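So you can see what is in the structure, the chains are spelled out below.
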Amino acid sequence: MNVQNVANVLEKVRQTNPLVHNITNVVVTNFTANGLLALGASPVMAYAKEEVADMAKIAGALVLNIGTLNETEIEAMLIAGKSANEHNVPVVFDPVGAGATPYRTETARKLVRELNVSIIRGNAAEIANVIGEQWTIKGVDAGESGGDVVALAKKAAQQLKTVVAITGKEDVVTDGHTTYLIRNGHPILTKVTGTGCLVTSVIGAFVAVEKNAVHAAAAALTYYGVAAEIAAKEAEGPGSFQIAFLNQLANIGTDDIVRHGSIEIV
Ligand SMILES: Nc1ncnc2c1ncn2[C@@H]1O[C@H](COP(=O)(O)OP(=O)(O)OP(=O)(O)O)[C@@H](O)[C@H]1O
Ligand SMILES: Cc1ncsc1CCO
Ligand SMILES: [Mg+2]
């Protein structure tokens with residue numbers, strides 16, 4: 001996977017407009033739908049247990065996010081996830097806040113235990129908590145806590161038998177064997193709510209068109225980071241950044257990714 005491959009996957013998303021079924025949190029719902037539309041994907045949010053199995057099976061990917069979890073929603077996630085698994089629809093999981101409360105941690109573990117998750121995407125603290133590792137959070141960006149993020153990602157991938165994407169100052173994607181490091185993005189991403197949640201759904205759109213889950217996640221994170229870098233140049237603060245970022249998710253193309261993308265195997 002190199003910058004040209006990243007651009008190729010992006011073009012495939014834009015040509016095929018994959019349906020991404022999201023069961024996500026109430027904070028980021030609108031931003032996620034708009035971000036997926038800007039990318040060129042087709043978002044749908046569907047939560048009722050009566051319909052999630054039918055929606056998941058016609059989707060290109062199912063994205064599960066426990067940001068504002070409750071029992072009804074978790075029941076729907078399990079129904080949707082089992083339907084996706086039966087119909088070979090990839091499942092992408094964001095364990096928002098794993099470690100913050102026992103309920104979140106237990107629910108995250110239950111979902112990865114009971115479902116076949118293709119990709120789990122979180123910050124370092126969340127991924128560490130899903131696998132029961134110690135991880136010290138310093139400030140907002142857990143990725144800067146000094147721990148070995150690459151080692152953590154590999155350990156999680158081997159333990160959970162899934163592709164793991166850890167985001168932060170640098171992003172790591174691994175299946176436990178092949179590992180990519182992406183050095184794109186901008187710190188202002190941490191000043192807009194839901195940029196982590198949106199990137200998980202963007203990974204969903206990419207894995208809908210690129211079945212190699214490591215390649216899909218690495219491509220999505222590179223594209224997302226480049227869009228953020230370009231948007232940050234025109235933004236005066238978090239407010240105008242959010243708008244500029246949505247614009248750049250739609251506007252950037254092959255040239256921008258080839259020029260600014262930073263993706264390497266480590
Ligand atoms: N210090 C940083 N420098 C550059 N990019 C960053 C930095 N911190 C995070 N990012 C980028 O921001 C995006 C979101 O990642 P982050 O790790 O903040 O997710 P998160 O913690 O789940 O966020 P949230 O839950 O608030 O939505 C990723 O694309 C990541 O690369
Ligand atoms: C602020 C917040 N609280 C629960 S989910 C969420 C959005 C970031 O994931
Ligand atoms: Mg998050």
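Before reading further, recall that the structure is shown in the block above.
Nothing here was measured: the structure is a model prediction, and the numbers come from that model. In this numbering scheme, every chain counts its residues from 1 along its sequence in written order. Following the order in which they are written, the chains are lettered starting with A and the ligands numbered starting with 1. Two thresholds apply to this predicted model, a pLDDT of at least 70 for residue-level local features and 80 or more for giving and counting side-chain atom pairs, whereas whole-chain, interface and lining totals are computed over all residues. The side-chain quantities take in all heavy atoms of the structure and omit both hydrogens and water.

## Concerning the site of ligand 2
Inspection of the region around ligand 2 gives Asn-25, Val-27, Val-28, Gly-67, Val-96, Thr-193 and Cys-197 as its neighbouring residues. For ligand 2, whose unbound accessible area comes to 280 Å², protein coverage reaches 62%. Basically, the charged four are Asp, Glu, Lys and Arg, the nonpolar ten are Ala, Val, Leu, Ile, Met, Phe, Trp, Tyr, Cys and Pro, and anything else, Gly included, counts as polar. A breakdown of the residues in the shell around ligand 2 according to their chemical character gives four nonpolar, three polar and no charged. We call a residue near a molecule or strand as soon as one heavy atom of that residue lies within 4 Å of the molecule or strand. Surface accessibility follows the Shrake-Rupley procedure with a 1.4 Å probe radius. Residue values consider only the protein chains on display as shielding.

## Some details on helix 4 (residues 71-86)
The α-helix winds at 3.6 residues per turn, so residues separated by three or four positions along the chain end up facing the same way. To qualify as a helix, a DSSP run of H or I must reach at least 4 residues; to qualify as a strand, a run of E must reach at least 2; elements of each kind are numbered from the N terminus. Take the number of residues in a helix, subtract one, and multiply by 1.5 Å to get its expected span. The end-to-end C-alpha distance of helix 4 is 23 Å, a good match for the 22 Å that 16 residues give at a rise of 1.5 Å each. Among the residues making up helix 4, those that are buried are Glu-73, Ile-74, Ala-76, Met-77, Leu-78, Ala-80, Gly-81, Ser-83 and Ala-84. We call two residues contacting when some pair of their heavy atoms lies within 4.5 Å. Tucked into the core, helix 4 has its buried residues touching strand 1 (19-23), helix 3 (52-58), strand 3 (61-65), strand 4 (91-94) and helix 5 (102-114). The term polar contact refers here to a pair of N or O atoms within 3.5 Å; inside protein, the definition further demands a hydrogen-donor-capable atom paired with an acceptor-capable atom, and it admits residues adjacent in sequence only when both atoms are side-chain atoms. Looking at where helix 4 begins, the residue whose side-chain oxygen comes 3.1 Å from the main-chain nitrogen of Thr-72 is Asn-70. Residue Asn-88 follows helix 4 closely and has a positive phi angle near 55 degrees. Only protein chains enter the area calculation, which uses a 1.4 Å probe; residues under 20% of their type maximum are buried, those over 50% are exposed, and those in between are partly exposed.

## So, the site of ligand 1
Near ligand 1 you find 17 residues, and of these Arg-121, Asn-123, Thr-167, Asp-171 and Gly-196 are the closest. Within the contact set of ligand 1, an oxygen atom lies 2.7 Å away from a side-chain nitrogen or oxygen of Asp-171. Taking His-186, its main chain carries an N or O atom lying 3.2 Å from a nitrogen atom of ligand 1. Against a free-state accessible area of 630 Å², the protein chains account for coverage of 85% of ligand 1. For the shell around ligand 1, the secondary structure elements donating two or more residues are strand 5 (119-123) and helix 8 (195-209). Ranked by residues supplied to the shell around ligand 1, first place goes to helix 8 with three residues. Its residues assigned to classes, the shell around ligand 1 comprises four nonpolar, nine polar and four charged.

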